[in-house]
Amino acid sequence: DTEVTQTPKHLVMGMTNKKSLKCEQHMGHRAMYWYKQKAKKPPELMFVYSYEKLSINESVPSRFSPECPNSSLLNLHLHALQPEDSALYLCASSPYRGSHTGELFFGEGSRLTVL
Amino acid sequence: AQKVTQAQTEISVVEKEDVTLDCVYETRDTTYYLFWYKQPPSGELVFLIRRNSFDEQNEISGRYSWNFQKSTSSFNFTITASQVVDSAVYFCALYSGGYNKLIFGAGTRLAVHP
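Nothing here was measured: the structure is a model prediction, and the numbers come from that model. (Residues numbered from 1 in each chain as written. Chains lettered and ligands numbered in written order. Predicted model: local features only at pLDDT ≥ 70, side-chain atom pairs only at ≥ 80, totals over all residues. Heavy atoms only, no water.)

A closer look at the nonpolar core
Logical step 1: Judged by nonpolar contacts, the single largest core of 25 residues is most densely connected at Trp36, Trp66, Phe75, Phe77, Tyr90 and Leu110 of chain B.
Logical step 2: Of all the secondary-structure elements, those providing two or more residues to this core are β2 (10–14), β3 (19–21), β5 (33–39), β6 (46–52), β8 (64–69), β9 (74–79), β10 (88–95) and β12 (108–113) of chain B.
Logical step 3: Element by element, the count of residues in this core is highest for β10 of chain B, at four residues.
Logical step 4: Every residue in contact with Phe75 of chain B, bar those within four places of it in the chain, is listed here: Cys23, Leu34, Phe35, Trp36, Ile49, Arg51, Trp66, Asn67, Phe68 and Cys92 of chain B.
Logical step 5: Judged by nonpolar contacts, the second largest core, of 22 residues, contains Met32, Phe47, Leu81 and Tyr89 of chain A. (Core = buried A, V, L, I, M, F, W, Y, C linked by side-chain atoms within 4.5 Å. Buried < 20%, exposed > 50% of the residue type's maximum accessible area, 1.4 Å probe, protein only. Helix = DSSP H or I, 4+ residues; strand = E, 2+ residues; numbered from the N terminus. Contact = heavy atoms within 4.5 Å.)

Right under this line is the structure:
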């Protein structure tokens, strides 16, 4: 079982809806990541939080709003999305930012469909 | 520039065949790390291996083996006696401190048929 838990596993939303994706880890990791993965493509980095502070935003549109309430939780708030935002959203964690000398621990993802 | 190329988009084999997944990388950094991840249909990426640029020793883990060659900038992955459970998308990835980001290749979809 993955140690990074993402909810919901599937989400269908309209373009005017507001929804949130949640991610939780209890490994004591201090860096958490959001990736977006389109079908048959590799994951693309969206945001990195390090010690609960946003450290990287890969020029993501403002309709995606990340939040890190504490060291174990990471949210991605969604508002006014477009159909092209439909994708698998993956959360990951690592002991600390820049610790790619180790590995990232990924959740199973939340599959988002925007109608 | 940092780049990872996985030229094989899809590979189809019959169970028990050996299969090699190719990975070629580009970086100007002298210190870097290479990874292989497996993505089964369930979606999560599963870490398989990490190699740093100073360790060219090949590694074997059960049916999996990795061949790291700096001279050709390659980090190939071989599955011996493939099984249906090996069916997944496999990503090669590169990380170096200068770029501070994990760069994924496009992935290779492996289908192992009974």
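Concerning the pattern of salt bridges
Logical step 1: By the definition in use, this model includes seven salt bridges over all chains.
Logical step 2: A salt bridge links Lys36 of chain A to Asp85 of chain A, with the nearest nitrogen and oxygen atoms 3.9 Å apart. In this pair, Lys36 of chain A sits in strand β4 (residues 31–37) while Asp85 of chain A sits in the loop between β8 (73–79) and β9 (87–94), placing the two residues 49 residues apart along the sequence. Grouping residues by exposure puts Lys36 of chain A and Asp85 of chain A together as buried.
Logical step 3: One salt bridge in this structure joins Asp86 of chain B and Arg63 of chain B, with 2.8 Å as the shortest N-O distance. Of this pair, Asp86 of chain B sits in the loop between β9 and β10 while Arg63 of chain B sits in the loop between β7 (59–61) and β8, and the two are 23 residues apart along the sequence.
Logical step 4: Relative accessible area serves as the criterion here: at 1%, Asp86 of chain B is assigned to the buried category. (Salt bridge = Lys/Arg side-chain N within 4 Å of Asp/Glu carboxyl O.)

Considering the interface of chain A and chain B
Logical step 1: Between chain A and chain B, the contact holds 21 residues from the first and 19 residues from the second.
Logical step 2: Inspection of the region where chain A meets chain B yields zero salt bridges.
Logical step 3: Across the contact surface, chain A and chain B share two residue pairs in polar contact (both at pLDDT 80 or more).
Logical step 4: Contributions of two or more residues to the side of chain A that touches chain B are made by β4 and β9 of chain A.
Logical step 5: Taken together, the residues that form the side of chain A that touches chain B break down as nine nonpolar, six polar and six charged. (Polar contact = N/O pair within 3.5 Å; in protein donor to acceptor, adjacent residues only side chain to side chain. Nonpolar A, V, L, I, M, F, W, Y, C, P; charged D, E, K, R; others polar.)

Topic: the state of the cysteines
Between two cysteines, a covalent bond joining their sulfur atoms is known as a disulfide.
Logical step 1: Summed over the entire model, instances satisfying the criterion amount to two disulfides over all chains.
Logical step 2: Disulfide partner of Cys23 of chain A: Cys91 of chain A, at an S-S distance of 1.9 Å. Handedness here is read from the sign of the S-S torsion; for Cys23 of chain A and Cys91 of chain A, about -70 degrees, the answer is left-handed. Of this pair, Cys23 of chain A sits in strand β3 (residues 18–25) while Cys91 of chain A is found in strand β9, placing the two residues 68 residues apart along the sequence.
Logical step 3: Cys23 of chain A gets classed as buried once you look at its relative accessible area, which sits at 1%.
Logical step 4: Using a relative accessible area of 0% as the deciding quantity, one classes Cys91 of chain A as buried.
Logical step 5: Here Cys23 of chain B pairs with Cys92 of chain B through a disulfide, and the sulfurs are 2.0 Å apart. The S-S bond linking Cys23 of chain B to Cys92 of chain B shows a torsion near -65 degrees; that makes this disulfide left-handed. Of this pair, Cys23 of chain B sits in the loop between β3 and β4 (24–26) while Cys92 of chain B is found in strand β10, placing the two residues 69 residues apart along the sequence.
Logical step 6: Taking relative accessible area as the criterion, Cys23 of chain B reaches 0% and is therefore assigned buried.
Logical step 7: In this structure Cys92 of chain B comes out as buried when scored by relative accessible area, which is 0%.
Logical step 8: There is no disulfide at Cys68 of chain A, and the cysteine sulfur nearest it, in Cys91 of chain A, is 9.2 Å away. (Disulfide = S-S within 2.5 Å.)

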